[in-house]
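# Summary of structural features
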Amino acid sequence: MEKYSALGLLKHSLSNHENWPRLWHNPTPKKKYDIIIVGGGGHGLATAYYLAKNHGITNVAVLEKGWLGGGNTARNTTIVRSNYLWDESARLYEHALKLWEGLSQDLNYNVMFSQRGVYHLCHTLQDIRDNERLVSANRLNGIDNEMIDAEQLQREIPLLDCSRNTRFPVLGASVQRRAGNARHDAVAWGYARAAAALGVDLIQQCEVVDMVIENGAITGVKTRQHGVIKADRVGCVAAGNSGVLAKMAGFELPVESHPLQALVSEPIKPVLDTVVMSNHVHGYMSQSDKGDLVIGAGIDSWVGYGQRGSYSIIEHTIQAIVEMFPAVSRVRMNRQWGGIVDTCPDACPIITATPVRNLFFNCGWGTGGFKATPGSGHVFAETLALGKAAPLAEPFSMFRFHSGALIDEHGAAAVAH
Amino acid sequence: MSQTNRLSSGGLIDRRKPLSFQYNGKQYQGYEGDTLASALLANGVDIIGRSFKYSRPRGIVAAGAEEPNAVMQIGASEATQIPNVRATQQALYEGLVSSATNGWPNVDFDVMSYVGKIGGKMMPPGFYYKTFMWPQTMWPTYEKYIRKAAGLGRSSTMKDPDQYDTLNHHCDVMIVGAGPTGLAAARAAAATGARVIIADEQEMFGGSLLSSRELINGKPAIDWVRTVVDELSANPDVVMLPRSTVNGYHDHNFVTIHERRADHIGDRAPVGMTRQRMHRVRAHWVVLATGAQERPLVFAHNDVPGVMLASAVTTYIERFGVVPGNELVLMTSNDDAYLTALSWASTGRKVVAVVDSRAKADGDLVKQVIDKGIRVIFGSAVYDVDGGTRVKAARISGLTADGKKLTGKSETLSCDTIASSGGWSPVVHLSCHTGSRPVWDDNIIGFVPGETQQKQLIAGGIRGHYDLLDCLTEGMNCGYVAAERSGYGPVGKRPEYKVARIRRSPAMPLFLVPHLKPISQAPKQFVDLQNDVTSAGIELATREGFESIEHVKRYTAMGFGTDQGKLGNINGMAITAQVLGKSIAETGTTVFRPNYTPITFGAIAGRNCGELFDAKRYSAMQPWHEENGALFEDVGQWKRPWYFPKSGETMQQSLNREVLAVRNSVGILDASTLGKIDIQGKDAREFLARVYTNAWAKLGVGKCRYGLMCKEDGMVFDDGVTSCLAENHFLMTTTTGGAARVLEWLELYHQTEWPELEVYMTSVTDHWATMTISGPNSRKLLAQLTDDIDLDKDTFKFMDWRPGTVAGVPARVFRISFTGELSYEINVSANHGLQVWKKLMEVGKQYDITPYGTETMHVLRAEKGFIIVGQDTDSTLTPYDLGMGWAVAPTKPFSFIGKRGMAREDAVKPNRKQLVGLMAKKPDVVIPEGSQAVANPNQPIPMTMLGHITSSYYSATLGRSIAMGLIRGGLDRMGETVYYPQADGSVIEAEICSPVFYDPKGDRQNV
Ligand SMILES: Cc1cc2nc3c(=O)[nH]c(=O)nc-3n(C[C@H](O)[C@H](O)[C@H](O)COP(=O)(O)OP(=O)(O)OC[C@H]3O[C@@H](n4cnc5c(N)ncnc54)[C@H](O)[C@@H]3O)c2cc1C
């Protein structure tokens, strides 16, 4: 893998950039792999990378039905934070956040991880209680998070209306200063490049349409474009399509697939250099390096696979944004889009062995899995390498829904992203 | 400066109405009917912006929504700033203030352009992914500078003074676009009596006809437009929306339209008028008559000011009477662009040459141009441009028949304007919003709409049919078909359209004009002007493995601008296909999504901001609360009195006073906000038994019972008291915030799981005003206000209710208690609420009756260990975890919601978090709510947490602090000590105890 650097850019500019190598190739699939990963999103690509890097397993293929990173990875609003309430999830997301902190260097690809802070606004006394609880739990888990009052908040975010004139005046906020944003595409591409360099086959335009299961164990997958490809182990990381894959394997997952939308304004000069989320008025916003205001909407309440959502959700979200940031009322919305998120009853992911031997699933990240990308890949790689749940993944087994050991993350600080 | 480029006659502007306006601090003049762009061109302004990445000077290219460069800041005051307005779509008005959005110190001399020139070579697509990585700690600094360069215009910093609105419509036929096709369709549909809406983004209806010299039925096309507009205006079933962009097309023929009502008048709407509004239309049939946009050709230095779209040049001449230069070179691959040469020549200015990529062409327009003696150079192309801030010359050369290589000698043609045309791209955007993918059509050299699930018809330019007669006929037919399918007709006599056909010779598919050098070495050939995406950038992307068109888009940022690639995307796709050696059909398009053009946030938000963001709900007693100095707490949509401070009191002093009043005499609480659901039907009781965890079979008329509700997972979700009003009639109360949620939940179960049960549920929350009088003197007080309710403690017992009269009005009185004191909840019709409340206050004076708010209520109930769902619970707790196993009846004949969930192995483990009381070792320390408990305060981080404080107060009754909280296995750990480490490093020690701090036997409520 050619190392990227400013010097390299200079060198290549002298040859008119004609000699840049490919980030990945389009290999013809082999007959058999040690491990097949279904789904070439950020999580799948990260899994492949860590399998090769940490576990020395390089006879690996990532099968992607469309283009690499084209699912939710390409559609999310890139909020990265680790201030989750429960020990199990806090550990997992903090593991991810630590990986984020050195990711550009590790991949030699600038994923533009910016620790610009993420604020959770409190509009009610119960919001305050919930955030106090969260902050307290985070502190004792060694995760940074702090409460600030409305006055300090106003000083830190001039654009935000912290006056008493709003329908639900802001009473304060919790802020995780190590949290922030990253460039979503770069994450997928950086992992893809690094995985490909270690020998992983990235196979695009390759849709898995069935699972080959013999005597209760998976032996391969059937693809639309390349027939059956065999593997010792298969890991599915297909976000909104996980339920479809589980069905192929003959079991059901406790996930529902819903459309989730986001939208951006036209690019404007910088007005907001952090991430602000309000669960109560229901909207969140950051500003990208290009100048777009990046705004999140809620999920459509019905299930579906069409990657677009309802206008009413957009309306409500923009009402919330104008309520929080009245000065942007005259700014214009450029574009909206949607992805399909796989939501779990307890708003926590599933990283799990399944009723089918050698078949593993990593899904259920719902509206908030981008932030987990490195951690998810890291832990799932370990799971696939071991053939059983990695320690950090253990609490996230799909069987928790049978036993009742739920990790309910919408209970307390029910902020979705 | 005078309007050097303005013609003395012609066009649809009104020369009697001059308008002055400001651009970059200078005053200019234009005319009514101008756009900001046409006025700037009239004044000879060449540079109107700087490009995003390389800061190159840019001029106006187009005349409509596809304009990538002329993106302006508008607004005369801080509060009315509007960023990123396309000058081509902004009507000129008197006093308009505008400026360019990029360029420092100004657009004519921009320091950044030197950075762009020198550093440009080091800034290929994706360069930032490859650098700024070392040292790791520097990224925030690098990013600060990257961000400084970001963005086009700027947001206002003040609250928007304008108002916006939303309208809903249903119609039979929704017509998008009011060019010839759309107008013909509207006319046809309207003639059948169908309800029609027709919208167009431009200032006036007419579309391409506004700049056309063609004749319809022997008269100028504009006359026909006027006739049709008049005809439609006279029809009450037709809604005409000019200045209205159909920005989104959603499933089930739901269309959103952004109407700009006042943007042509000023930067702020006149008083009493909304600035913009959204129309939300549900249409039976939609006719897309959105036409086509011209595609420029891509060649080296095609971004120099003076390089324009051919059709835009025609529009400026014909519609605005503006010739945007003196000497024109026209570069085309088709016949249509010859119109531009004819228009230009008609102004008396010079057409240097028409450079046609085709070996030959002999269509009508070509002949006319040749007949005029204009030089036409076939088989050639403009491959490069001389000039920096304005075109100085076009470099042309021979071109091979396939358009892939230059041949022969090159020649330099002096000129100041280059108009280019690569043919037309149908405006398929809306047709794609609902998921349909466009398909490539070799015949028209463009994408046309693909199959759709919607009730949608397409006509005219959007299908690649550009002949005027075809457009009129197709539009008319679609209008009739849409109306007929909506149930109108039969169609009578159809109008006849007579238009002379123009014979056109075949166009040539040409996108990128080759250069003498290969793509990677040629000067920049711009594909997307707003984002500085070049053909070399696209080639580099594919070289690096970004081969999917979506990857190309994302890697190069092609189409990411505010024009969303209207001008450049198809060229980009064609170039991608070319460098990959694939066909355009194989490469395909990226996904077109809403919005078609950007729309104001305020317009989408409509009226639902500020006060109206969410309905504010008040009880009937609100005026009294306000008069008496209550502070309010937001609970759901409700404003609830929080506490009633007297002057000079601290919050704690008020709470103490209110608490002691209840414990010692009588207090009064406005409890109207609790959710109330009236449940009737012969299966009402059975229904209750299924949704609550406890038993309901035996609850007699006149009795009340407390119940817990769980979700399927067995976790508590709401609680409240339900009373039996009559055998098949119950009144359920819910938490204030949970009322709507609970009703939805009950309906969900009734409608989907148990439709066989006969039960009817109605929200009656705000039918009633509820006042709780609580305290040892409450009975005495009530006795003075009722004479038909027997208040005897043995006949009207705790957990009974009675109908009767209170303060002279019909009432339901419930003897239930959330304070542990003798209490009555008096319910009267909401209209009587204030009157009865006042009466209670008046009569209660002798007992020093004290109004109290939610905060005091919280203290009082915590003293008794009563839970508040949502505060002491968080959807991870079973009734058993709350020590409320007594409220579960596992042996009920039919199951109940949550029974199985709460029986799961992990839900019954002994070491679960359980709700207990906690007493700080120091009685004056109130443990902060949310604090997490640990067993060993010296454990290094991460510490093992046992649970958190859910409720914590100073109790005036007990003269010390009290708290409720969760502790792992807490119910079996009474008396043990736990520790609460605080943010400031201190640790609070507390003892686990029963959560019932006061009157554990419950004697006081039973007196
Ligand atoms: C609008 C929106 C906003 C969001 N905002 C945030 C946020 O701010 N912060 C955050 O942390 N998270 C956010 N998320 C969630 C986040 O995007 C996802 O949780 C995360 O990206 C999931 O990553 P993934 O790699 O598992 O999924 P994906 O990127 O969706 O990858 C799954 C891949 O599997 C492929 N696939 C599916 N079926 C098959 C098959 N049969 N064969 C082969 N391949 C298949 C798909 O094509 C896809 O590429 C948001 C999501 C959306 C939609």
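Please read all numbers here as calculations on a predicted model, not as lab measurements. (Residues numbered from 1 in each chain as written. Chains lettered and ligands numbered in written order. Predicted model: local features only at pLDDT ≥ 70, side-chain atom pairs only at ≥ 80, totals over all residues. Heavy atoms only, no water.)

### A closer look at the pairing of strand 19 (residues 350-356) of chain B
Residues and elements named next belong to chain B. In terms of burial, strand 19 is a largely internal element, six of the seven residues being buried. The pairing of strand 18 (residues 327-332) with strand 19 spans six bridges and is classified as parallel. Looking across to strand 19, one finds that Met-331 is bridged to Val-355. Handedness of the crossover is the feature at issue here: the chain leaves strand 18, passes through helix 8 (residues 338-346), returns alongside strand 19, and the resulting connection is right-handed. (Buried < 20%, exposed > 50% of the residue type's maximum accessible area, 1.4 Å probe, protein only. Helix = DSSP H or I, 4+ residues; strand = E, 2+ residues; numbered from the N terminus. Pairing = 2+ DSSP bridges. Right-handed = clockwise from strand over helix to strand, strands pointing away.)

### Quick look at the sheet that holds strand 23 (residues 406-414) of chain B
Residue and element names in this part refer to chain B. Sheet architecture is open: three strands sit in the order 21-22-23, paired in antiparallel fashion. The sheet is open, and its two borders are formed by strand 21 (380-386) and strand 23, each paired with just one other strand. Direction aside, the axes of adjacent strands within the sheet are offset by 25 degrees on average. Bridging between strand 22 (residues 393-399) and strand 23 involves seven bridges; their strand directions are antiparallel. If you follow Ala-393 over to strand 23, its bridge partner there is Ser-414. (Axes fitted to C-alpha atoms, helices over the stretch in contact; angles between N-to-C directions.)

### Digging into the interface of chain B and chain A
Each side of the interface is counted separately: chain B has 126 residues, and chain A has 105 residues. Carbon and sulfur atoms make up 53% of the area that chain B and chain A hide from each other, which totals about 10000 Å². Where chain B touches chain A, the interface holds eleven salt bridges. Here Glu-143 of chain B and Arg-116 of chain A are joined by a salt bridge, their closest N and O atoms 2.7 Å apart. Linking chain B to chain A there are 76 residue pairs in polar contact (both at pLDDT 80 or more). Looking at side-chain class alone, the side of chain B that touches chain A contains 45 nonpolar, 46 polar and 35 charged residues. In the sheet, strand 16 (residues 332-343) of chain A pairs with strand 31 (residues 599-600) of chain B via two bridges, with the strands oriented antiparallel. (Contact = heavy atoms within 4.5 Å. Buried area = accessible area lost by both parts, 1.4 Å probe. Salt bridge = Lys/Arg side-chain N within 4 Å of Asp/Glu carboxyl O. Polar contact = N/O pair within 3.5 Å; in protein donor to acceptor, adjacent residues only side chain to side chain. Nonpolar A, V, L, I, M, F, W, Y, C, P; charged D, E, K, R; others polar.)

### Some remarks on the UniProt feature "domain: Aminomethyltransferase C-terminal" (unreviewed entry) in chain B
The positions UniProt marks with the feature "domain: Aminomethyltransferase C-terminal" (unreviewed entry) are residues 913-999 of chain B. As annotated, residues 913-999 of chain B has a helix share of 0% and a strand share of 49%, and its two end C-alpha atoms lie 25 Å apart. (UniProt positions renumbered as here; feature names shortened; annotations may be inferred.)

### Examining the site of the ligand
All names here are of chain A. Taken together, 39 residues lie around the ligand, and Glu-64, Asn-72, Thr-73, Thr-77 and Lys-371 are the ones closest in. Interatomic distance of 2.9 Å between a backbone N/O atom of His-43 and an oxygen atom of the ligand. Contact with the protein chains removes 97% of the 1000 Å² of surface that the ligand exposes when unbound. Contributing elements (two or more residues each) for the shell around the ligand: helix 2 (42-55), strand 12 (256-265) and strand 16. (Near = heavy atom within 4 Å. Areas by Shrake-Rupley, 256 points an atom, 1.4 Å probe, with all protein chains shown as cover.)

### Some details on the packing of helix 7 (residues 184-197) of chain A against helix 13 (residues 549-556) of chain B
The contact between helix 7 of chain A and helix 13 of chain B brings their axes to 11 Å, and the two run at 115 degrees. The hand of the helix 7 of chain A/helix 13 of chain B crossing is left-handed. For the pair formed by helix 7 of chain A and helix 13 of chain B, the contact residues are His-184, Asp-185 and Trp-189 of chain A on the first element and His-551, Arg-554 and Tyr-555 of chain B on the second. (Left-handed = near helix turned anticlockwise from the far one by under 90°.)

### Looking at the sheet that holds strand 20 (residues 376-377) of chain B
All names here are of chain B. As summarised here, the arrangement of the five strands in space is 17-24-18-19-20, forming an open sheet in which the pairing is parallel. For this open sheet the edge positions go to strand 17 (307-309) and strand 20, each flanked by a neighbour on one side alone. Across the sheet, helix 8 touches strand 18, strand 19, strand 20 and strand 24 (417-421), and the angle it forms with strand 18 is around 170 degrees.

### Remarks on the side chain of Thr-562 of chain B
Its location among the elements puts Thr-562 of chain B in the loop between helix 13 and helix 14 (569-580). Leaving out residues up to four positions away in the same chain, Thr-562 of chain B has contacts with Glu-266, Pro-267 and Asn-334 of chain A together with Val-71, Asn-84, Arg-86, Leu-152, Gln-530 and Pro-598 of chain B.

### What to know about helix 5 (residues 180-191) of chain B
Residue and element names in this part refer to chain B. For helix 5, spanning twelve residues, the distance from its first C-alpha to its last is 16 Å, which sits close to the expected 16 Å at 1.5 Å a residue. The element helix 5 is largely enclosed, with a buried count of eleven among its twelve residues. Of the positions making up helix 5, those classed as buried are Pro-180, Thr-181, Gly-182, Leu-183, Ala-184, Ala-185, Ala-186, Arg-187, Ala-188, Ala-189 and Ala-190. Of the surrounding elements, those touching the buried residues of helix 5 are strand 8 (164-176), strand 9 (196-199), helix 6 (221-233), strand 12 (238-241), strand 15 (276-288) and helix 11 (468-485). A positive backbone phi angle near 95 degrees is found at Gly-193, which sits one or two residues after helix 5. (Expected span 1.5 Å × (residues − 1).)

### Things to note about unusual backbone geometry
Here the residue pair Trp-134 of chain B and Pro-135 of chain B is connected by a cis peptide bond, since its omega of -20 degrees sits within 30 degrees of zero. With an omega dihedral of 5 degrees, the bond running from Pro-594 of chain B to Asn-595 of chain B counts as a cis peptide bond. Positioned with a positive phi, His-17 of chain A is a non-glycine residue whose angle comes to about 60 degrees. Of note, His-17 of chain A is situated in the loop between helix 1 (6-14) and strand 1 (32-38).

### Things to note about the environment of Ile-321 of chain A
Residue and element names in this part refer to chain A. For Ile-321, the location among the structural elements is in helix 9 (residues 311-324). Put simply, Ile-321 and Gly-39 are 282 residues apart on the chain and 34 Å apart in space, counted from C-alpha to C-alpha. Setting aside residues up to four positions removed in sequence, Ile-321 forms contacts with Gly-283, Tyr-284, Met-285, Ile-295 and Val-328.

### Focus: the packing of aromatic side chains
If you walk through the whole model with that rule in mind, you get 44 aromatic pairs over all chains. An angle of 70 degrees between the planes, with centres 4.7 Å apart, marks the rings of Trp-189 of chain A and Phe-546 of chain B as edge-to-face. Remark: Phe-546 of chain B occurs in the loop between helix 12 (535-543) and helix 13 and Trp-189 of chain A occurs in helix 7; the pair is interchain, linking two chains. For Trp-189 of chain A, a relative accessible area of 1% gives the class buried. The class for Phe-546 of chain B is buried, based on a relative accessible area of 0%. Between Trp-801 of chain B and Phe-814 of chain B, the aromatic rings sit 5.7 Å apart at their centres with planes inclined by 25 degrees, giving stacked as the arrangement. One end of the pair, Trp-801 of chain B, is in strand 41 (residues 801-806); the other, Phe-814 of chain B, is in strand 42 (residues 809-814), and 13 residues separate them in sequence. (Phe/Tyr/Trp six-rings, centres within 6.5 Å; stacked < 30°, edge-to-face > 60°.)

### Some points on the domain arrangement of chain B
All names here are of chain B. Under the domain assignment used here, chain B contains domain 1 (14-130), domain 2 (164-289 + 426-485), domain 3 (294-423 + 507-515), domain 4 (517-597), domain 5 (670-763 + 878-906) and domain 6 (770-846). Each of domain 2 and domain 3 was reduced to a C-alpha centroid, and the two centroids are 31 Å apart. With both chains or domains summed, domain 2 and domain 3 bury close to 770 Å², and 50% of this area falls on carbon and sulfur atoms. When the area that domain 2 buries against domain 3 is broken down by residue, the three leading residues are Ser-211, Arg-213 and Ile-445, summing to 68%. Across the contact surface, domain 2 and domain 3 share one salt bridge. Here Glu-318 and Arg-213 are joined by a salt bridge, their closest N and O atoms 2.8 Å apart. For the side of domain 2 that touches domain 3, the class distribution of residues is four nonpolar, three polar and two charged. (Domains from an automatic or database assignment.)

### A short note on the pattern of salt bridges
If you walk through the whole model with that rule in mind, you get 72 salt bridges over all chains. When the shortest N-O distance is used, the salt bridge between Arg-178 of chain A and Glu-94 of chain A registers 2.8 Å. With Arg-178 of chain A in the loop between strand 6 (172-176) and strand 7 (180-181) and Glu-94 of chain A in helix 3 (residues 87-100), this residue pair connects regions lying 84 residues apart in the sequence. One salt bridge connects Asp-470 of chain B with Arg-501 of chain B, and the closest N-O pair in it is separated by 3.0 Å. Within this pair, whereas Asp-470 of chain B is found in helix 11, its partner Arg-501 of chain B is found in the loop between helix 11 and strand 29 (526-528), the two being separated by 31 residues in sequence. Bridged by salt links that share partners, the residues Glu-94, Lys-98, Glu-101, Asp-144 and Arg-178 of chain A form one connected network.

### Things to note about empty space enclosed by the protein
Taken as a whole and assessed by the stated rule, the structure comprises ten cavities of 30 Å³ or more. For the largest cavity, the calculated volume is near 270 Å³. Lining the largest cavity are 20 residues, and of these Arg-332 of chain A together with Val-85, Gln-89, Arg-260 and Asp-263 of chain B lie nearest its centre. Secondary-structure elements contributing two or more residues to the lining of the largest cavity are strand 6 (82-86) and strand 14 (254-260) of chain B. (1 Å grid on protein atoms, 1.4 Å probe; cavity = no way out; pocket = protein on both sides within 12 Å on 5 of 7 lines; lining within 4 Å. Points joined across faces, edges and corners; volume = space filled by probe spheres on them.)

### Quick notes on the UniProt feature "domain: Rhodanese" (unreviewed entry) in chain A
Taking the numbering used here, the UniProt-annotated feature "domain: Rhodanese" (unreviewed entry) corresponds to residues 35-79 of chain A. Annotation note: span residues 35-79 of chain A, helix share 31%, strand share 20%, distance between end C-alpha atoms 30 Å.

### Some thoughts on the side chain of Arg-685 of chain B
Residue and element names in this part refer to chain B. Take Arg-685: it is sitting in helix 19 (residues 684-691). According to the relative accessible area criterion, Arg-685 is buried, its value standing at 15%. At a separation of 2.8 Å, a polar atom in the side chain of Arg-685 contacts the main-chain carbonyl oxygen of Leu-699. Discounting residues that sit within four places of it in the chain, Arg-685 has contacts with Trp-696, Ala-697, Lys-698, Leu-699, Cys-724, Glu-727 and Phe-730.

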